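Spelled out from the first residue to the last, the chains are:
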Amino acid sequence: MRNKVTKAIFPVAGLGTRFLPATKSVPKEIMTLVDRPLIQYAIDEARAAGIKEFIFVTSRGKGALEDYFDHAPTLEQELRKKGKDDLLEILKNTNMESGAIAYIRQHKALGLGHAVWCARRLIGNEPFAVILPDDVIAAEKPCLQQMVEAYEETGGNMVAAMEVPPERASAYGVLDVQEDMGAMVRVKGMVEKPKADEAPSNLAVIGRYILNPKVLGNLNRMKSGTGGEIQLTDAIADEIAQDRAVYGYRFRGQRFDCGSKAGFLQATVAFGLSRDELKDDLYRYLQEIVTVGKAAQ
Ligand code: G1P
């Protein structure tokens, strides 16, 4: 029997400079998509995939993130007194079991690979997931759950993958495909943010991974790569060099790059439209501005 994937690493140490000045005092993972902080989407996805241990790799100034996961007894009491059961329910759904969350500090911003490596002692010798909360994925079946199901068949290492316009490939980790099996591809190489004319394909890595613990060993030896940072992509590619399988998984769903302002705004509209209590008003408003925009042309 393959080991179940029960641990996930959430790298959340980034400064979020693209969202300054907001991120001067608010960690970007707490920024609100409709009414939930970004990190809640990642947590919900992990839970749906069967994750039981949540490891946050943080940095200075992320206190609000830790507070967010605390229970809020005074607030709960107040809501109970006022009979606001619906709000109580919403709060309860954010409660985490005691001991389920661990925080590790990344003392230096040395890259995603380094952030993951910082959690090595908590992972030990089990397969683990990595979720980048900036990548928000709307899907009927949550993306990591799709991947866990596929992983149960294949084992190995698995990264979420998505076709991007070729001119955008240099913004991602890119897969060199050995065999295309449809939803799944077997990978023979991976390049982090290749130069425009050097991308091996336009199949990009999206921020969901299921990894063999040996990747942590690879990270021990990793030298800095693209951008002078220790890259997770390089440590996964190192698995191929050691004859261990790496798969790309074309998930079913829509990915939003909430690490960029445009992506965050698009996600806000899309998630807003998916909510019963908001969709009519929002849709009407969007139609109105599109019509006015057209009239002005
Ligand atoms: C990270 C990874 C990259 C991946 C991307 C997905 O890059 O290093 O391989 O394609 O996430 O969002 P970042 O966007 O953090 O620079």
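Residues numbered from 1 in each chain as written. Predicted model: local features only at pLDDT ≥ 70, side-chain atom pairs only at ≥ 80, totals over all residues. Heavy atoms only, no water.

Trainee: Which residues make up the site of the ligand, and what are the values?
Mentor: Taken together, 13 residues lie near the ligand, and Asp-135, Gly-173, Glu-192, Lys-193 and Val-205 sit nearest. One of the side-chain N or O atoms of Glu-192 is found 2.7 Å from an oxygen atom in the ligand. Interatomic distance of 2.6 Å between a side-chain N/O atom of Lys-193 and an oxygen atom of the ligand. Compared with its free state, where it exposes 380 Å², the ligand has 74% of that area covered by protein. For the shell around the ligand, the element with the most residues is strand β11 (residues 203–211), which contributes three residues. Residue composition of the shell around the ligand, grouped by class: five nonpolar, four polar and four charged. (Near = heavy atom within 4 Å. Polar contact = N/O pair within 3.5 Å; in protein donor to acceptor, adjacent residues only side chain to side chain. Areas by Shrake-Rupley, 256 points an atom, 1.4 Å probe, with all protein chains shown as cover. Helix = DSSP H or I, 4+ residues; strand = E, 2+ residues; numbered from the N terminus. Nonpolar A, V, L, I, M, F, W, Y, C, P; charged D, E, K, R; others polar.)

Trainee: Could you give an account of the packing of helix α3 (residues 73–81) against helix α4 (residues 85–92), with specific residues and numbers?
Mentor: Helix-helix packing is characterised by the crossing angle of the two axes and by the distance between the axes. Where α3 contacts α4, the axes come no closer than 8 Å and their chain directions differ by 155 degrees. Taken together, α3 and α4 sit at an angle that is classed as roughly antiparallel. For the crossing formed where α3 meets α4, the hand is left-handed. Side by side, α3 and α4 meet where Leu-75, Glu-76, Leu-79 and Arg-80 of the first sit next to Leu-87, Leu-88 and Leu-91 of the second. Residue classes in the contact of α3 with α4 are distributed as five nonpolar, no polar and two charged. (Axes fitted to C-alpha atoms, helices over the stretch in contact; angles between N-to-C directions. Parallel < 35°, antiparallel > 145°, perpendicular 65-115°, else oblique. Left-handed = near helix turned anticlockwise from the far one by under 90°. Contact = heavy atoms within 4.5 Å.)

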